[in-house]
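Here is how the chains run, residue by residue.
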Amino acid sequence: MQTIHMCDTYGQYLTMKKEIDAAMQEVIKSTQFIKSGKVLEFEKELSHYLNTHVIACGNGTDALQIALMALELKPGDEVITTPFTFIATVEVLALLGLKPVFADVDTGTFNLSENEVKKAITTKTKAILPVHLFGQCAHLEPMLDLAQKHHLYVVEDACQALGTDYIFSNDTTKKAGTIGHVGCNSFFPSKNLGAFGDGGAVFTNDEKLAAIVRSIANHGMKQKYQYERIGVNSRLDSIQAAVLSVKLKYFEKHIKARRYAAAWYDEHLKKIEEIRLPERVNYSTHTFHQYTIQTNRRNELQQFLKEKGIPSMVYYPGVIHLQEAYKFLGHGKGDFPVSEHLAETVLSLPMHTELTEEQLDYITRVIQEFFRKKN
Ligand SMILES: *Cc1c(COP(=O)(O)O)cnc(C)c1O
């Protein structure tokens with residue numbers, strides 16, 4: 001059996017090698033490494049897939065920062081978000097002088113709980129920033145209602161959920177990241193659609209906002225050497241765009257492969273009482289950026305898997321409100337108990353598009369063996 005990887009970027013590349021190599025060579029020959037037609041082409045293709053405006057940028061963290069800058073939030077404005085996420089979600093708020101206000105998550109889905117969001121709203125709240133963690137959407141519809149009632153923006157951190165469908169109560173669907181006022185995505189190599197380096201994008205249905213986002217990502221430029229606002233330098237380079245264009249063609253196939261692996265895990269782990277499987281919901285599909293289980297014997301299980309040659313990861317071992325850098329927010333242990341508990345019990349299993357049945361079979365057998373052993 002081949003070595004099991006947490007994420008198999010190279011194995012996936014080999015399945016598209018000819019096309020990717022040719023696309024990269026084309027960029028090298030053109031020497032248009034920055035701001036070429038390749039970037040615009042990729043934006044157009046993704047825009048078609050998502051049915052929204054797409055503005056490419058340097059990475060997912062930049063996408064979040066640019067999106068928040070475009071909404072013209074003012075220092076001191078409060079933004080409600082989750083303490084159980086990647087640091088970037090909260091970091092950009094702090095960098096812009098906005099106040100991160102945490103609301104706890106739901107145990108089964110790892111995503112912001114709408115009831116906790118409701119409790120966190122004050123007269124200073126200006127936006128809600130849900131994260132679609134591990135590839136499944138947060139419960140957006142009630143948050144959109146809250147946002148409308150309180151005149152708030154909804155900014156989606158969709159960095160882990162490209163391709164996921166949100167299902168509204170009237171059965172219409174929209175892609176993750178295209179539902180709120182603005183959505184943010186990352187093309188970090190291990191993400192659902194991964195580049196061979198950094199990349200990101202901002203999504204919005206609002207044409208005016210799209211133009212502002214594009215200007216901010218390009219030094220606040222209006223036309224050449226005329227600057228209408230203070231911006232940043234954040235761009236997707238042409239080689240990344242060329243790689244992403246090839247990979248986008250196979251994106252649905254890749255999502256299917258992730259779902260196949262997830263279904264295998266579900267089927268072969270469901271009888272183990274000491275494991276809680278990732279919960280599925282009727283308002284979202286799942287693209288399994290990660291397949292994350294919960295168990296009170298997390299550290300022990302991780303060690304056992306490691307001894308058997310199976311990688312696993314803890315996303316995330318620490319909650320943000322207890323990180324040293326965010327002490328200034330004045331939180332203590334016990335403030336967001338669900339998130340804190342998750343940080344101690346979650347374990348993400350190998351998840352990528354190249355997992356074979358033989359590998360999946362081995363992984364689930366080893367996990368079964370672990371739980372058959374006495375504590
Ligand atoms: C990956 C990620 C980001 C940041 O993306 P980068 O491209 O690494 O800057 C932000 N939020 C979440 C939830 C992520 O998973």
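Residues numbered from 1 in each chain as written. Predicted model: local features only at pLDDT ≥ 70, side-chain atom pairs only at ≥ 80, totals over all residues. Heavy atoms only, no water.

A. Spatial organisation of the UniProt feature "modified residue: N6-(pyridoxal phosphate)lysine" (unreviewed entry) in the protein. Those places that UniProt annotates as "modified residue: N6-(pyridoxal phosphate)lysine" (unreviewed entry) correspond, in this numbering, to Lys191. Tracing the backbone through its elements, the reader meets Lys191 in the loop between β8 (182–186) and β9 (200–204). Since its relative accessible area comes to 16%, Lys191 is described here as buried. Residues in contact with Lys191, not counting those within four places in the same chain, are Cys159, Gln160, Ser186, Arg258 and His289. (UniProt positions renumbered as here; feature names shortened; annotations may be inferred. Helix = DSSP H or I, 4+ residues; strand = E, 2+ residues; numbered from the N terminus. Buried < 20%, exposed > 50% of the residue type's maximum accessible area, 1.4 Å probe, protein only. Contact = heavy atoms within 4.5 Å.)

B. Layout of the domain arrangement of the protein. According to the domain assignment, the protein contains domain 1 (9–249) and domain 2 (251–374). Taken over C-alpha atoms, the centre of domain 1 sits 24 Å from the centre of domain 2. The partner domain 2 presents 39 residues to the 46 residues of domain 1 that form the contact. Between domain 1 and domain 2, roughly 3800 Å² of surface is buried when both sides are summed, and carbon and sulfur atoms account for 61% of that area. Its largest share of buried area at the contact with domain 2, domain 1 owes to Phe84, Phe134 and Gln136, together 18% of the area lost on that side. Where domain 1 meets domain 2, there are zero salt bridges. Taken together, the connections running from domain 1 to domain 2 amount to 21 residue pairs in polar contact (both at pLDDT 80 or more). Here the residues of the side of domain 1 that touches domain 2 sort into 23 nonpolar, 15 polar and eight charged. (Domains from an automatic or database assignment. Buried area = accessible area lost by both parts, 1.4 Å probe. Salt bridge = Lys/Arg side-chain N within 4 Å of Asp/Glu carboxyl O. Polar contact = N/O pair within 3.5 Å; in protein donor to acceptor, adjacent residues only side chain to side chain. Nonpolar A, V, L, I, M, F, W, Y, C, P; charged D, E, K, R; others polar.)

C. Structural context of the packing of aromatic side chains. Inspection of the entire model under this criterion finds 17 aromatic pairs. A centroid spacing of 5.9 Å and a plane angle of 35 degrees characterise the contact between Tyr166 and Tyr283, whose relative ring orientation is tilted. With Tyr166 in strand β6 (residues 165–167) and Tyr283 in the loop between α10 (251–269) and β12 (291–294), the pair connects residues that are 117 residues apart, well separated along the chain. Pair check on accessibility: Tyr166 and Tyr283 agree, each one buried. Consider the rings of Phe370 and Phe371, whose centres lie 4.9 Å apart with planes at 85 degrees: the pair is edge-to-face. Each member of the aromatic cluster is reached from another via a ring pair, and the members are Phe84, Phe86, Phe110, Phe134, Tyr315 and Tyr316. (Phe/Tyr/Trp six-rings, centres within 6.5 Å; stacked < 30°, edge-to-face > 60°.)

D. Here's a closer look at helix α8 (residues 207–217). Buried residues of α8: Leu209, Ala210, Val213, Ser215, Ile216 and Ala217, and no others. In the core, the buried residues of α8 are packed alongside β1 (53–57), α4 (60–70), β8, β9 and β10 (221–223). A distance of 2.9 Å separates the backbone nitrogen of Lys208 from a side-chain oxygen at the start of α8, and that oxygen is part of Asp206.

E. Representation of the side chain of Asn185 in the model. Topologically, Asn185 is positioned in strand β8. Exposure remark for Asn185: the relative accessible area of 1% places this residue in the buried category. Setting aside its immediate chain neighbours within four residues, Asn185 contacts Asn59, Gly60, Ala63, Ala158, Cys159, Leu162, Gly200, Ala201 and Phe203.

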